[in-house]
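Structural characterization, general
Chain by chain, the residues run as shown.
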Amino acid sequence: MRVKDLPRALQPRERIFKFGVENLSDVDLLSIILRTGTREFNVKEVSENLLANIGGINNLANIGIKELSNTFGIGEVKAITLISAIELGKRVVNKEIEINMVLSNSKFIHDAFKSLFLNANQEKVLAIFLDTKKRLISYKFIFIGTIDKSIIHPREIFSEAIKLGASSIVLIHNHPSNDIKPSNEDIETTKKLKECGEIIGIPLIDHLITNGKEYFSFYDEFYKK
């Protein structure tokens, strides 16, 4: 059955007007973006199949164009459309990150950057570079590791800081397990980076662990006086 043959109350575009876009299902939203199905299956069935194959909407951001293109009913054009929609959404969410914004405490920092870690299934390390007034100079993902391990080396972090003329650094990394409690490795790594920063003269002023919603701050827990 084609989507247009469904009762109007079940058609995705009609549901936007009736219920509002925020109340649409993942399948409905995907159906609106994909627009059409195949000869055998309507767009809602294609959307359901896609979500089933990738294990749910949270994994959509981690699928590449090639893999999407090989999914039944998608193809290259629809894959590009989906990837573009995802990237646009990321940019809208990240609009609050502005160069020269003041990042004076852990809450401000986490609020600004937490969306970069939402639904991440790999451990990622973000370095945030600040000037003498704790204003944002730049930020960069330094490492992307496996699901349970990421190797952080001071050389890459501090060479970037020197190149940018940064006065201090903040690190944020995620735990894909959603447990924000620091591991022994996290504690040792933070200690090593703080020591390196003090020697070089570009201190590590905080290290946050996040799951995209909640966070742990080494400064708040261990170093704040």
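Structural data are supplied above this passage.
Residues numbered from 1 in each chain as written. Predicted model: local features only at pLDDT ≥ 70, side-chain atom pairs only at ≥ 80, totals over all residues. Heavy atoms only, no water.

Comments concerning the overall build of the protein chain
What counts is decided by this rule: A helix here means a DSSP run of H or I that spans at least four residues, while a strand means a run of E at least two residues long, and both kinds are numbered starting from the N terminus. Each residue gets one of three labels from its accessible area relative to the maximum for its type: buried under 20%, exposed over 50%, partly exposed in between, using a 1.4 Å probe on protein chains only. Working rule for contacts: check all heavy atoms of both residues, and any pair within 4.5 Å makes them a contact. In short, Shrake-Rupley with a 1.4 Å probe defines the accessible areas, and a residue's cover is counted only from the protein chains shown.
Each helix and strand in the protein chain was counted, giving nine helices and five strands. In sequence order, the secondary structure elements of the protein chain are arranged as α-α-α-α-α-α-β-β-α-β-α-β-β-α. Taking all 225 residues of the protein chain together, 41% fall into the buried category. When contacts within the protein chain are restricted to residue pairs at least 6 apart in sequence, long-range pairs at least 24 apart make up 56% of them. Surface summary for the protein chain: the accessible area is close to 13300 Å², and the carbon and sulfur share equals 53%.

Here we look at the packing of aromatic side chains
Heads up, the condition is: Two rings from Phe, Tyr or Trp (for Trp, the six-membered ring) form a pair when their centres are within 6.5 Å of each other. A pair whose planes differ by under 30 degrees is stacked, one over 60 is edge-to-face, and the rest are tilted. Note on criteria: charge over ring means Lys NZ or Arg CZ within 6 Å of the ring centre, with the direction from the centre no more than 35 degrees off the ring normal.
In the structure shown here, the tally under the stated rule is five aromatic pairs. Ring plane angle 70° and centroid distance 5.2 Å describe the contact between phenylalanine 113 and tyrosine 139, whose orientation is recorded as edge-to-face. Here tyrosine 139 lies in strand 2 (residues 136-144) and phenylalanine 113 lies in helix 6 (residues 106-113), a separation of 26 residues in the sequence. Ring plane angle 70° and centroid distance 5.7 Å describe the contact between phenylalanine 117 and phenylalanine 141, whose orientation is recorded as edge-to-face. Of this pair, phenylalanine 117 sits in the loop between helix 6 and strand 1 (124-130) while phenylalanine 141 sits in strand 2; the two residues are 24 residues apart in sequence, bridging distant segments of the chain. Residue phenylalanine 117 is classed as buried on the basis of its relative accessible area, which comes to 1%. Given a relative accessible area of 30%, phenylalanine 141 falls into the partly exposed group. What links up through ring pairs into an aromatic cluster is the set Phe216, Phe218 and Phe222. Here the basic side chain of lysine 124 rests over the ring of phenylalanine 117, its NZ or CZ set 5.7 Å away from the ring centre.

Topic: the pairing of strand 4 (residues 204-210)
The test is simple: A pair of strands is considered paired only if DSSP assigns at least 2 bridges between the two.
Among the seven residues that make up strand 4, six are buried, leaving the element largely enclosed by the rest of the structure. Where strand 3 (residues 168-174) meets strand 4, six bridges bridge the pair, whose relative direction is parallel. Along strand 4, the bridge assignment pairs leucine 171 with histidine 207. Hairpin remark: strand 4 followed by strand 5 (residues 215-217), antiparallel, with four residues in the connecting loop; positive phi at glycine 212, about 95°.

Some remarks on the environment of lysine 66
Note on placement: lysine 66 falls in helix 4 (residues 65-69). By relative accessible area, which is 69% here, lysine 66 ends up exposed. Distance from lysine 66 to glutamate 76, taken between C-alpha atoms, is 7.6 Å for residues 10 residues apart in sequence.

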